[in-house]
Amino acid sequence: MENSEFYLGIDTSGRSGSIAVHCPGQEFAPVPLQQQGRKHAQTLVSEARKLLDRLQISPRQISGIGVSRGPGSFTGLRIGITFARTFGYVTGAPVLGIDTFEAIALSSPADLQETWVISNAQRGDLFVGKYTRIAARQWQQTRQITLREITEFSAALQPGEAVSGPGIDLLDQNALPEIQIVDTPRNTLAAQVAEITARLLTQPTPPTSEVWSLTPFYLRKSAAEEKWDARNTNQDR
């Protein structure tokens, strides 16, 4: 595999994370990570080292690094992105932030053409985006990711529409009999992140590395940050 190109994918956007290596024409099983938050930090470095050792790939053989940039867990996203940027800085490999929801859409069944992707935004809200298949292994965001109340989003769904992503657990599926619920894998998402990264970096004009500029896509501040802002606002009055 000396002349092959390898792309590292990292996902720490949810409760269960994963890392994976993508090589065009070959399949490697993704490696799940333990739990969320600080547990990701404790296992990510060691699991990445073990994965590369098992595949007999040196860090400098990695042609590009893709990391799930959100929306998702505040702590998890920061840990994954910090690791990706550090790995890219040390090895010189380009780093790209990958839309978490696009990676989820890519894990959809082959016959699905369009889906809402949702995840838990806490406080009774969902992160919601819509994606359409534009090629066999390529999806495009067709509705910008926004915050929506769970009840409002559920009421707005139309018969026959598909919904996927970790947020499906928050829907009252018994009240949505005409909606297609797509239960996509949750602890292997790094494989899709790595695949998207490989596709982007092998384009005639690949995107610029984000090793210095990549930040998580939160859409809104965490509860702790909102409390801090509210506290400072009250002190200024």
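Throughout this description, residue numbers start from 1 for each chain and increase along the sequence as written. The model is predicted, so local features are restricted to residues of pLDDT at least 70 and side-chain atom pairs to those at 80 or more, both for listing and for counting; the totals for chains, interfaces and linings are taken over all residues. No hydrogens and no water enter the side-chain calculation; it runs on all heavy atoms of the structure.

- An unreviewed UniProt entry annotates the chain as tRNA threonylcarbamoyladenosine biosynthesis protein TsaB of Gimesia panareensis.

### Brief notes about the packing of aromatic side chains
Piece 1. A pair of aromatic rings is counted whenever rings of Phe, Tyr or Trp (Trp by its six-membered ring) have centres within 6.5 Å, and the orientation is called stacked for planes under 30 degrees apart, edge-to-face for over 60 and tilted otherwise. Evaluated as defined, the whole model comprises 4 aromatic pairs.
Piece 2. Taking the centre distance of 4.8 Å and the plane angle of 40° together, the rings of F74 and Y218 count as tilted. Placement of the pair is F74 in helix α2 (residues 74-91) and Y218 in the loop between α5 (189-201) and α6 (223-236), with a sequence separation of 144 residues.
Piece 3. Residue class for Y218 comes out buried when judged on its relative accessible area of 18%.
Piece 4. Ring centres of Y89 and W212 lie 5.5 Å apart, and the angle between their planes is 70°; on these two criteria the pair is classed as edge-to-face. Pair noted here: Y89 is in helix α2 and W212 is in the loop between α5 and α6, with a separation of 123 residues, a long-range link.
Piece 5. With a 1.4 Å probe rolled over the protein chains alone, any residue whose accessible area is under 20% of its type maximum counts as buried; one over 50% counts as exposed, and the rest are partly exposed. Looking at Y89, the relative accessible area reads 57%, which means it is exposed.
Piece 6. Look at W212 and you get exposed, because its relative accessible area is 64%.
Piece 7. Remark: a charge is flagged as sitting over a ring if the NZ atom of Lys or the CZ atom of Arg is within 6 Å of the ring centre and within 35 degrees of the ring normal. A cation over an aromatic ring shows up here: R69 above the ring of F217, its NZ or CZ 5.3 Å from the ring centre. Runs of E in the DSSP output that reach at least two residues are strands. Runs of H or I that reach at least four are helices, and both are numbered from the N terminus.

### What about the sheet that holds strand β10 (residues 180-182)?
Piece 1. When DSSP finds two or more bridges between two strands, those strands count as paired. Taking strand neighbours across the sheet as the criterion, the 5 strands line up as β8-β7-β6-β9-β10 in an open arrangement whose pairing is mixed. Bordering the open sheet on either side are β8 (138-149) and β10, each of which pairs with just one other strand. Across the sheet, the mean angle separating the axes of adjacent strands is 25° when strand polarity is ignored.
Piece 2. Sheet topology note: the strand β6 (residues 114-122)/strand β7 (residues 125-135) ladder contains 8 bridges and is antiparallel. Paired with V117 across the two strands is G129, which belongs to β7. Note on geometry: axes are lines fitted to C-alpha atoms, helical ones only across the stretch in contact, with angles between N-to-C directions running from 0 to 180 degrees.

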